[in-house]
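# Coordinates in review
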Amino acid sequence: LAMALSGLPPVRAGRFFVYGLHDRGRAPVNAKRLRIEAGAAFGTGHHGTTVGCLLAYDALLKKKRFPKVLDVGAGTGVLAIAAAKTGTRTAVGTDIDAVSVRISRENAKVNQSDARFVWASGLNHTSVRQGAPYDLVFANILARPLVSLAQDIKGALKPGGTAILSGLLRTQERYVRAAYLNRGFKLDFRIRKDAWATLVLTRS
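Residues numbered from 1 in each chain as written. Predicted model: local features only at pLDDT ≥ 70, side-chain atom pairs only at ≥ 80, totals over all residues. Heavy atoms only, no water.

## Things to note about the packing of aromatic side chains
Within the structure shown, the criterion is met by five aromatic pairs. With a centroid separation of 5.4 Å and 70° between ring planes, the pair formed by Tyr57 and Phe138 is classed as edge-to-face. In this pair, Tyr57 sits in helix H2 (residues 48–61) while Phe138 sits in strand S7 (residues 134–140), placing the two residues 81 residues apart along the sequence. Since its relative accessible area comes to 1%, Tyr57 is described here as buried. Through successive ring pairs, a cluster of aromatic residues spans Phe16, Tyr57, Phe66 and Phe138. (Phe/Tyr/Trp six-rings, centres within 6.5 Å; stacked < 30°, edge-to-face > 60°. Helix = DSSP H or I, 4+ residues; strand = E, 2+ residues; numbered from the N terminus. Buried < 20%, exposed > 50% of the residue type's maximum accessible area, 1.4 Å probe, protein only.)

Below, the structure written as structure tokens:
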């Protein structure tokens, strides 16, 4: 266990500091601290897609706040929890994996966050619909689900709302981007980390 934990150092992504219990003493005072333990759910902050989403969100927060945020495919819940800890009043996360939902709820408690998580496939769950329209939607999943959910993500966003999309390889950028541009989104910027890409788009 000690060897495994030593291979998961804390991650700094803009204002966010993602760490495990073994690194609790290393958290900077001025950082937004997110305690996320390595486990059965995706999203400890070490993967290029999670870092990309946090960096993109940090950049956006320098200009505005997002009162209502949806995290599709929440995994550990790190993105919804990050939103809840930076002023978001309504932070909802969904996942198709029941274990991930349980872990994300536990992480919300550990981080004293008001983020809520539901077990759902797609965006039709009552708890998701009640919060719509959202100011920002995270979707850190995979390229094909990102494309198949493009219309639903558009429907969940208010006009002028922001989508942060990741889980895609750089080679899949054009494929995913086209699906959203064809639905009236415009690309604001992208972040590339290792072989992975994060796209930030605005619903026109």
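More follows now that the structure is in view.
## Remarks on the sheet that holds strand S3 (residues 32–35)
Spatially, S1-S2-S3 is the arrangement adopted by the three strands of the open sheet, whose pairing is mixed. The open sheet has two edge strands, strand S1 (11–13) and S3, and neither has a second partner. If you compare each strand with its neighbour and ignore which way they point, the axes differ by 20° on average. Sheet topology note: the strand S2 (residues 16–19)/S3 ladder contains four bridges and is parallel. Within S3, the residue paired with Phe16 across the bridge is Lys32. Across the sheet, H2 is in contact with S1 and S2; its angle to S2 comes to roughly 155°. (Pairing = 2+ DSSP bridges. Axes fitted to C-alpha atoms, helices over the stretch in contact; angles between N-to-C directions. Contact = heavy atoms within 4.5 Å.)

## As for the side chain of Thr49
Within the element layout of this structure, Thr49 appears in helix H2. Looking at Thr49, the relative accessible area reads 1%, which means it is buried. Engagement of the side chain of Thr49 in a polar contact is seen with the side chain of Asn140, the distance being 3.3 Å. (Polar contact = N/O pair within 3.5 Å; in protein donor to acceptor, adjacent residues only side chain to side chain.)

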